[in-house]
Each structure stands twice: as structure tokens, then as C-alpha cells.
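Take a look at the letters that make up each chain.
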Amino acid sequence: MISVIIIEDEYSPRQMLREKLERNFSDMQIIAECESAEDALIEVLRLRPDLLFLDIQMPEKDGLWLADELMRMKGDTFIPPDIIFTTGYTYPEYLLKAFELAAIDYLVKPVNPDSLEKAVARYRERAGTTTGLQNLMDTINEYKLLKFKSYNGLFLLRPDDIVYVEADRDYARMFFANGVKEDVFERLGEIEKRLPSETFLRTGKSIIINRKYIRKITDNTLQLATPATSYLVEISREAIRQLKEKLV
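Residues numbered from 1 in each chain as written. Predicted model: local features only at pLDDT ≥ 70, side-chain atom pairs only at ≥ 80, totals over all residues. Heavy atoms only, no water.

Thoughts on the overall build of the protein chain
1) Next: Scanning the protein chain from N- to C-terminus turns up 8 helices and 15 strands.
2) Next: Overall, the C-alpha framework of the protein chain stretches about 70 × 35 × 30 Å when taken along its three principal axes.
3) Next: Within the protein chain, buried positions represent 48% of all 248 residues.
4) Next: At a minimum sequence separation of 6, the contacts of the protein chain that also span at least 24 residues come to 59%. (Helix = DSSP H or I, 4+ residues; strand = E, 2+ residues; numbered from the N terminus. Buried < 20%, exposed > 50% of the residue type's maximum accessible area, 1.4 Å probe, protein only. Contact = heavy atoms within 4.5 Å.)

Here's the deal with the pattern of salt bridges
1) Next: Per the stated rule, a full pass over the model turns up 22 salt bridges.
2) Next: Here Glu35 and Arg14 are joined by a salt bridge, their closest N and O atoms 3.5 Å apart. One end of the pair, Glu35, is in the loop between strand E2 (28-34) and helix H2 (37-47); the other, Arg14, is in helix H1 (residues 11-24), and 21 residues separate them in sequence.
3) Next: Given the relative accessible area of 49%, Glu35 is considered partly exposed.
4) Next: The partner of Arg241 in a salt bridge is Glu245, with the nearest N and O atoms 2.4 Å apart. Separated by 4 residues within a single helix, Arg241 and Glu245 lie in helix H8 (residues 237-247), roughly one turn from each other.
5) Next: It is possible to trace a salt-bridge network through shared partners that takes in Arg14, Arg18, Glu22, Glu33 and Glu35. (Salt bridge = Lys/Arg side-chain N within 4 Å of Asp/Glu carboxyl O.)

Description of H2
1) Next: Every buried residue of H2 is accounted for by Ala37, Ala40, Leu41, Glu43 and Val44.
2) Next: Where the residues of H2 are buried, they touch strand E1 (2-7), E2, strand E3 (51-55) and helix H3 (63-72).
3) Next: A positive backbone phi angle near 50° is found at Arg48, which sits one or two residues after H2.

Details of the pairing of strand E14 (residues 221-225)
Consecutive side chains along a regular strand alternate between the two faces of the sheet.
1) Next: With respect to burial, E14 is a largely interior element, 4 of its 5 residues being buried.
2) Next: The pairing of strand E13 (residues 214-217) with E14 spans 3 bridges and is antiparallel. Along E14, the bridge assignment pairs Ile217 with Leu222.
3) Next: Count of turn residues in the E13/E14 antiparallel hairpin: 3 residues.
4) Next: As paired elements, E14 and strand E15 (residues 230-234) share 5 bridges and run antiparallel to each other. When the bridges of E15 are listed, Thr221 appears paired with Glu234.
5) Next: Between the antiparallel neighbours E14 and E15 lie 4 residues. (Pairing = 2+ DSSP bridges.)

Observations concerning the side chain of Ser36
1) Next: For Ser36, the location among the structural elements is in the loop between E2 and H2.
2) Next: Apart from the residues within four sequence positions on either side, Ser36 is in contact with Ile7 and Met58.

Remarks on the nonpolar core
1) Next: By size, the foremost hydrophobic cluster in this structure holds 27 residues, and its most contacted members are Ile7, Leu66, Leu70, Ile83 and Phe85.
2) Next: Here the element with the most residues in this core is H3; it accounts for 5 residues. (Core = buried A, V, L, I, M, F, W, Y, C linked by side-chain atoms within 4.5 Å.)

Observations regarding the packing of aromatic side chains
1) Next: Inspection of every chain in the model, using the stated rule, returns 4 aromatic pairs.
2) Next: Aromatic pair Phe175 and Tyr231: ring centres 5.5 Å apart, planes at 75°, arrangement edge-to-face. Here Phe175 is found in strand E9 (residues 171-176), whereas its partner Tyr231 is found in strand E15, with 56 residues between them in sequence. Grouping residues by exposure puts Phe175 and Tyr231 together as buried.
3) Next: In this structure an aromatic cluster arises from ring pairing among Tyr164, Phe175 and Tyr231. (Phe/Tyr/Trp six-rings, centres within 6.5 Å; stacked < 30°, edge-to-face > 60°.)

What about H1?
An α-helix turns once every 3.6 residues. As a result, residues three or four positions apart point the same way.
1) Next: End to end, H1 covers 20 Å across 14 residues, agreeing with the expected 20 Å (1.5 Å per residue, within 8%).
2) Next: Of all the residues in H1, the buried ones are Arg14, Leu17, Lys20 and Leu21. Down the axis, H1 shows its buried residues gathered within 130° of arc, on one side only. Exposed residues on H1 whose side chains face more than 90 degrees from its buried face are Tyr11 and Arg23.
3) Next: In this fold, the buried residues of H1 make contact with E1, E2, E3 and helix H5 (113-125). (Expected span 1.5 Å × (residues − 1). Arc of directions from axis to C-beta.)

As C-alpha cells, then:
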């Protein structure tokens, strides 16, 4: 039997997935259901399941946190279970970039039975190898992928995907190289700490820019451009002066 833990903070998706697994896979045994990543970590270490169905976006600690913690614990006495991620978030281009690059199995909620069957088949092909999970963590580290939460959910992206960030009260708004913008549930100061300082510059109190995309500076505007789009950002003369000093 394949022992399974379902990790999902919402009751309805959790029960729907349980029903689909029980109905379609007679060799799977659901040994636990968890509503948080922290509870799931305890249960994984206690029960040692073969496979996790892991929601990416959850309150407090998310699915990627749990995946990372499990990989950190990998050793002679503990082999992390394989993981099939689930998500309700399908943003184009920069959505789940780590998963695309690492060929990790993931399912979009509500889970389609055909997609579930294909994901389980892929799991059977590499059962017990943890290759996918290792690839995911290697990819996040190699590409220096950043993780943010928005109204729509969790997304991962490279630093170069970000053109600039501006403060928006207690949160921030990101503007991307593909022309998309996204509200982020973090203060500008916290975001600044995570962005590479060799690439990103704080301009005044409310804006961080990617210096790679600067195309033109005037007395009170900054033009940022990518192959896909361009942005005209209004900033103070003093911020322009400080920016020019940083660029020298």
C-alpha cells in the first residue's frame, strides 16, 4: 500500500481530494489529513508516509516551507516522502516557475481526475527517489527564485522578472518585465532585504528599482523598459539626485 498524507487548509478541497483518491486508487491509504504545514511536519516525521499531496498556499507556513524543511532533514535515518503539490493559482509566465524548470508534479485545484491519474502515474515511475523534490530545491537555489504572497496566491520568480516595486500603505505593488503587476502582502522594507543589493536600488522612501531596466532619467521621472513593456515612474528631484549618485 502507498501511504498518503493530504495537507490542505481548506475543508472542501481536502475532502474532494480524499474522495477522488479513495475512489480511483485502491492501493493508496490516507493515513492523515493536516490543515497546516507545521502540523504536517510532525505527522510526516511520526508516520513516515510515502507520498504527500501538499497545498502550496496556506496561512503562516506554506507548502514550500514544509518541502524545504523535509529536505533539510534528509539523511541516513529519514528519506523525505515524494510530493505532489496542489495549487489554486495559475498565473501565466512567472507562475510556479520552479516547478516548470524542475518538472515537479503539481495539480491545479479543483483537481481534475485525469490530471490526478497522470500525476500518480508519474509518482509511481519514480517512487521513493525524491528526485522531484530535490530538483525543486536545487532550482530555487540555483536561480535565486523569490517567493511572494498576493491576493491570488503564492508565486515564485527570478529577480530579473521584477522591474520595480512601490510601497502601497502596509503592502507593496510589484511591476514585472512581462507587463503584469501584482499586489504583495509585504512591506517595502521587508522586500528590500530579500532583493539582491547589486541589482536593486531604493529610490526615495517608496520605490525600489531594478537598475538593469533604467533607460532614461529626467528631472522628476524615470523610464524603465524591458523587451515586453515600459514604465514611466514619477519620483522627486531629490530621489533623482540620490539615484544618479548611486549609479556613478
